[in-house]
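# Notes for the structure review
The residues making up each chain are set out below.
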Amino acid sequence: MVCLGNICRSPIAEGLMKKHCQQQKLNWQIDSAGTIGFHAGEPPDVRSICCCKKHGVDISMQRASKIELQLLDTYDFIFTMDNQNLADIKNTTAIKLHHLFAILPFAEMTTSHVPDPYYGNTEDFDYVFQLLDEACIRVINKILNK
Ligand code: 4NP
C-alpha cells in the first residue's frame, strides 16, 4: 500500500487490509510505504491513528518508510492511493511493473483516487477510512476471484 508520505492514507490501508485478511484467515504479507522518505521512522499521523482506533483497528505501531524499489518485485501486488503515487513509482524504474495499480480503479470503485487528507480535517480522514475499507474487501474478493 503506497501513498506519498506513508503517514496518512497507506497506514490506514495497511491496517484495514491486515484486518480483513485476518478475518478471512488469509496469511498474506501486507506492508505500506511512501514515495517520499520525509516522514520515515515516524508513526502514522495522529488523525489516522484516531480514525482507525474508532473502528477497532490499531495502527499505532506502524512506522513510515520510503518505498524500496528492489522490494517491489517481492510483492504480488502494489497498490497506490492515487495516480500521482502511481506515476512517481513508474518514473523511478524502467521496469514495467505488471502488478502495480491504483487501488480504487483496481477495486472497481466509482471514485478514482483516495484524496490526500494531510491538510484536511477529521471528516476527510473518516472518508479515507470508508473508501479504503470497501476497497480492501473488493481487492481481496477480486484476487480470490470471488
Ligand atoms: P499521505 O499524506 O501521503 O497520505 O501520507 C501526506 C503526508 C505528508 C505529506 C503529504 C501528504 N507531506 O507533504 O509531508
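Residues numbered from 1 in each chain as written. Predicted model: local features only at pLDDT ≥ 70, side-chain atom pairs only at ≥ 80, totals over all residues. Heavy atoms only, no water.

## Focus: the overall build of the protein
Summing up its helical and strand segments, the protein has five helices and four strands in all. Taken from N to C terminus, the helices and strands of the protein fall in the order β-α-β-α-β-α-β-α-α. Over its C-alpha atoms the protein spans a radius of gyration of 14 Å, differing by no more than 12% from the 15 Å that the globule rule assigns to 146 residues. Each principal axis of the C-alpha atoms in the protein carries an extent, and together these give about 40 × 40 × 30 Å. Within the protein, buried positions represent 47% of all 146 residues. Expressed as a percentage of contacts within the protein between residues at least 6 apart in sequence, the contacts between residues at least 24 apart total 69%. Per element, the accessible surface of the protein, about 8000 Å² overall, is 53% carbon and sulfur. (Helix = DSSP H or I, 4+ residues; strand = E, 2+ residues; numbered from the N terminus. Rg over C-alpha atoms; globule rule 2.2 N^0.38 Å. Buried < 20%, exposed > 50% of the residue type's maximum accessible area, 1.4 Å probe, protein only. Contact = heavy atoms within 4.5 Å. Areas by Shrake-Rupley, 256 points an atom, 1.4 Å probe, with all protein chains shown as cover.)

## Thoughts on a nonpolar patch on the surface
A grouping of L4, I36 and F38 is seen on the molecular surface, where their side chains present a nonpolar patch of about 300 Å² in accessible area. Exposure remark for F38: the relative accessible area of 68% places this residue in the exposed category. (Patch = residues over 30% accessible without salt bridge, like charges linked within 9 Å, V, L, I, M, F, W, Y side chains within 5 Å. Salt bridge = Lys/Arg side-chain N within 4 Å of Asp/Glu carboxyl O.)

## A look at the site of the ligand
Around the ligand, the surrounding shell consists of C3, L4, G5, N6, I7, C8, R9, H39, D116 and Y118. Contact distances for the ligand include 2.8 Å between an oxygen atom and a side-chain N or O atom of R9. D116 is positioned such that a nitrogen or oxygen atom in its side chain is 3.2 Å from an oxygen atom of the ligand. Isolated, the ligand exposes 350 Å² of accessible area, and the fraction of that covered by the protein chains is 90%. Here the shell around the ligand is built from residues that sort into five nonpolar, three polar and two charged. (Near = heavy atom within 4 Å. Polar contact = N/O pair within 3.5 Å; in protein donor to acceptor, adjacent residues only side chain to side chain. Nonpolar A, V, L, I, M, F, W, Y, C, P; charged D, E, K, R; others polar.)

## Brief notes about the nonpolar core
Among soluble globular proteins, nonpolar side chains are generally buried collectively. Among the nonpolar cores identified, the biggest contains 34 residues, and M1, I12, M17, M81, I103 and L132 are the most heavily contacted of them. At the level of secondary structure, the elements contributing two or more residues to this core comprise α1 (9-23), α2 (46-54), α4 (103-106) and α5 (122-143). When residues in this core are grouped by element, the largest group, nine residues, is from α5. The next biggest cluster of nonpolar side chains, apart from the first, holds nine residues, and it includes V2, I78, L86 and L100. (Core = buried A, V, L, I, M, F, W, Y, C linked by side-chain atoms within 4.5 Å.)

## Describing the environment of C51
For C51, the location among the structural elements is in helix α2. The class for C51 is buried, based on a relative accessible area of 3%. With 77 residues separating them in the primary sequence, C51 and V128 have C-alpha atoms 9.5 Å apart. If sequence neighbours within four positions are ignored, C51 has contacts with F125, D126 and F129.

## Focus on the packing of aromatic side chains
This structure, assessed with the given rule, holds seven aromatic pairs. Through a chain of ring-to-ring contacts, the aromatic side chains of F77, F79, F101 and F106 assemble into a single cluster. Over the face of the ring belonging to F106 we find K142, whose NZ or CZ atom lies 4.4 Å from the ring centre. (Phe/Tyr/Trp six-rings, centres within 6.5 Å; stacked < 30°, edge-to-face > 60°. Lys NZ or Arg CZ within 6 Å of the ring centre and 35° of its normal.)

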